[in-house]
Number of protein chains: 2
Amino acid sequence: MGIQEIATVTGLSKSTVSRALRGMSSVADTTIDQVRRVADELGYVPSSAAAGLATGRQRAVGVVVPVIDRWFYVQALGGVDAELRRAGYDLVLYNLGGPGGDRDRAFRRSMLRHRVDALVLLSLVLDETERAELELTRHPMVVIGGPAPGLRNVGVDDVVVAAIAVDHLCGLGHREVAYVGGQDEAGMNVAVPWLRRDGFVDAMVAHGLAVREDWILDGRFSFAGGVDAGAALFATAPASRPTAVFCASDEMALGVMLAARRAGLSVPGDVSVLGIDGHEYGEVVGLTTVAQDPVAQGRTAARAVLAELDEGVAGPLPAAPAHLVVRSTTGVPRA
Amino acid sequence: MGIQEIATVTGLSKSTVSRALRGMSSVADTTIDQVRRVADELGYVPSSAAAGLATGRQRAVGVVVPVIDRWFYVQALGGVDAELRRAGYDLVLYNLGGPGGDRDRAFRRSMLRHRVDALVLLSLVLDETERAELELTRHPMVVIGGPAPGLRNVGVDDVVVAAIAVDHLCGLGHREVAYVGGQDEAGMNVAVPWLRRDGFVDAMVAHGLAVREDWILDGRFSFAGGVDAGAALFATAPASRPTAVFCASDEMALGVMLAARRAGLSVPGDVSVLGIDGHEYGEVVGLTTVAQDPVAQGRTAARAVLAELDEGVAGPLPAAPAHLVVRSTTGVPRA
DNA sequence: ATGAAAGCGCTAACAC
DNA sequence: GTGTTAGCGCTTTCAT
């Protein structure tokens, strides 16, 4: 059931069979046909391990995610996958499994096994040790979403994204805006939350606006977290309520919208709500957002590592676009 | 940078190093320590391809998904991943990429490369050819969610799930209930949508209730689809409106709820809405649902293939539980 | 407790 | 256009 069998049956040599199977041009067309036919009949299944051993290439790339069940990661993963499949590469998934998962083990044991030829990291900031461990393998690496000291990265500029959002709100006349974001997810070391918050603060300051500490809330980057944050925000007297809430993700924004409704507030009549992402749900409910395209980012990242693999080039990566999509959750502040 | 280097440095033989690295008991503890230390210093990285070639085991299992960006698949994938990681296995993801993806290619080229030791299929019904191709590899296989002729499967009984939902609605006094489901997703050959619809129809009939053709809608198993279906349902005169809507997924139910709100209908005052899944969002908005646990199903499936791999046993799989979670979107029909 | 030697199934020079 | 010959980096008898 190996290449050898085919060789015996066809009376050819192993090498010729190997070449034929890969459709190399130095093999006669008739030979290729014959080999393929026999391989089919025999139910031949190639061994990637053998090929990998011989070539040093596994034709697989690893994708490392902090957790799997977040909209952004799923979308990006899809993008990486699409490009990989096009190139005939397999995708091996390394899920750090969030706070509970054993990050160390994932980084040491599995990934370093030469099972993949390259790595795409999602929103991960590596510490010194991890970087060192990974460099050991000398694999091409790129990270999506979040700056990566020492590594190439594709993603939007989170500070700019926050500024776009704040500019929009201020342009409408808002001066009292709250921010719902998230903290670093226990040990996951994700930079994005901090960057967006910093971008928010900077942009507010640039507009000469005050940033109230109690209007910077943790929405845990989830829908439920958004609801909680919104509830806290809207529980106060109307006078001490922000006129707009900027959320670091659409999922949280959706939660804030629900909280507003529960508090009897109209959006954007009583309060404007704005998110980041371009989530499908947001489109349906008319959420204004700063949209990005994680699928495209995934594709870009995959293409980048593939190019580095094939051509050895590690050129600069194109910037990922983000643009304001004004829908119906933002408007001028109530008088 | 291989096992050989370590052997040379330590003055041991390749075999001993190999054994030491794997912590085999026949090796002296001091030797193990020494070998591990040297391996560390040398920055040794094991080659899974070589080990795989020698043992015939890749220590990896493949997970095949029709599309990646659905709540259920992501959750199940997470469950499979968790169990695999516990066992020290890697997970290679085969995304068929939905209608646009090249299903054939995924099934032939990549998967059959002996890159994985076993397969977990998500909600996929294979056709004859595919089954034959996969059987070729003689890998343990189990499918999650959806019956699989000839294969072991873990998942809820979709017909029963639908019955639970209908029973709840009828128990409240509803007699006019609509169904929002989905069709087979273009070429993905997923059985679940049909089973739930059949279950709905059967249960209705069992309750002596009429099933109106125009109250069986396609919600595309998505939030947006649910909104559309709901809009269609609620656009009619109050008299010809169902008093309850049963959705084959929480995501669609969420959409129907939004449509109800847009139509000025109160839930459950004017119309009851009920879903299937146990989606996080549903919990937040108080959606009544028939909950299942895809993460647990993923774990079960992973454990099953792992057991078959390790012990050669392919015993029966435990049934996946589903239970009614009554929240606030279902109530007695309006008089 | 350790070593020697034979492979695992393929690819890649290098001949012809 | 095809065959020969070496490996790729491990694991695994079988010895010792």
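Owing to the predicted nature of the structure, the values given are computational and were not obtained by experimental measurement.

Q: I'd like to hear about the overall build of chain A, residue by residue, with values.
A: The helix and strand inventory of chain A stands at 13 helices and 11 strands. The C-alpha radius of gyration computed for chain A amounts to 25 Å, which surpasses the reference 20 Å derived for 335 residues by more than 25%, pointing to a less compact arrangement than a globule. With the principal axes as the frame, chain A shows a C-alpha extent of 90 × 40 × 35 Å. For chain A, the centre of its 31 positive side-chain charges and the centre of its 39 negative side-chain charges are spaced 4 Å apart.

Q: Describe the protein's contact with DNA strand C, listing the residues and the values that go with them.
A: In the neighbourhood of DNA strand C, 27 residues make up the surrounding shell, with I3, K14, S18 and Y44 of chain A together with R19 of chain B lying closest. Contact distances for DNA strand C include 3.1 Å between a phosphate oxygen and a backbone N or O atom of A28 of chain B. Secondary-structure elements contributing two or more residues to the surface near DNA strand C are α2 (14–21) and α4 (48–55) of chain A together with α2 (14–21) and α4 (48–55) of chain B. No other element matches α4 of chain A, which puts 5 residues into the surface near DNA strand C. Looking at the surface near DNA strand C, its residues break down into 12 nonpolar, 11 polar and 4 charged.

Q: Kindly report on the domain arrangement of chain A, identifying the contributing residues and their values.
A: Examined at the domain level, chain A breaks down into domain 1 (1–45) and domain 2 (158–293). Averaged C-alpha coordinates put domain 1 of chain A and domain 2 of chain A at centres separated by 61 Å.

Q: Before we move on, can you summarise the sheet that holds strand β6 (residues 177–181) of chain A with the specific residues and values?
A: Residue and element names in this part refer to chain A. Reading across from one edge, β7-β6-β8-β9-β10-β11 is the order of the 6 strands in this open sheet, with mixed pairing throughout. Each edge of the sheet is formed by a strand with only one pairing partner; in this case those strands are β7 (216–218) and β11 (322–325). Between one strand axis and the next, the sheet turns by 20° as a mean value, whatever way the strands run. One ladder, built from 4 bridges, connects strand β9 (residues 272–277) with strand β10 (residues 288–292); its direction is parallel. In the sheet register, D277 faces β10, and the bridge partner there is A291. Along the sheet face, helix α9 (residues 192–206) touches β6, β7, β8 (244–247), β9 and β10 and points at about 170° away from the line of β6.

Q: Talk me through the pairing of strand β6 (residues 177–181) of chain B; I want residue IDs and the actual numbers.
A: Residue and element names in this part refer to chain B. Of all the 5 residues making up β6, 5 are buried; the element is thus mostly covered by neighbouring parts of the structure. Side chains V177, Y179 and G181 of β6 all project onto a buried face; the interleaved residues A178 and V180 project onto the opposite face, where all are buried too. Of the pairings in the sheet, the one linking β6 to strand β8 (residues 244–247) comprises 4 bridges and is parallel in character. Its bridge partner lying in β8, Y179 is registered against F246. Sheet analysis places β6 next to strand β7 (residues 216–218), joined by 3 bridges and oriented parallel. Looking at β7, one finds that Y179 is bridged to I216.

About the cut-offs
Each chain has its residues counted from 1, following the order in which its sequence is written. Going through the entries in the order they are written, you letter the chains from A and number the ligands from 1. Restriction of local features to residues with pLDDT of at least 70 applies here, the model being predicted, together with a cutoff of 80 or more for giving and counting side-chain atom pairs; totals for whole chains, interfaces and linings are based on all residues. Side-chain measures here rest on the full set of heavy atoms in the structure, leaving out hydrogens and waters. Going along the chain from the N terminus, every DSSP run of H or I of four or more residues is numbered as a helix, and every run of E of two or more is numbered as a strand. As defined in this context, the radius of gyration uses C-alpha atoms, and a globule is described by 2.2 Å times the residue total to the power 0.38. Charged residues are defined narrowly, with Lys and Arg counted positive, Asp and Glu counted negative, and His plus the chain ends left uncounted. Here the site of a charge means atom NZ of a Lys, CZ of an Arg, CG of an Asp or CD of a Glu. Whether a residue is near a molecule or strand is decided by its heavy atoms; if any one of them lies within 4 Å of it, the residue is near. Counted as a polar contact is a pair of N or O atoms within 3.5 Å, where, for protein atoms, one must be capable of donating a hydrogen and the other of accepting one, and residues adjacent in sequence contribute only when both atoms are in side chains. For this classification, Asp, Glu, Lys and Arg are treated as charged, while Ala, Val, Leu, Ile, Met, Phe, Trp, Tyr, Cys and Pro are nonpolar and the rest, including Gly, are polar. Residue ranges assigned to each domain were obtained from an automatic or database domain assignment. Note: two strands are recorded as paired if DSSP finds a minimum of 2 bridges between them. Helix axes are fitted to C-alpha atoms over the stretch in contact, other axes to C-alpha atoms as well, and angles between N-to-C directions run from 0 to 180 degrees. Residue contacts follow a heavy-atom distance rule, with two residues in contact if any of their heavy atoms lie within 4.5 Å. Categorising residues by exposure relies on relative accessible area from a 1.4 Å probe, with only protein chains included: less than 20% of the type maximum marks a residue as buried, more than 50% marks it as exposed, and the intermediate range marks it as partly exposed.

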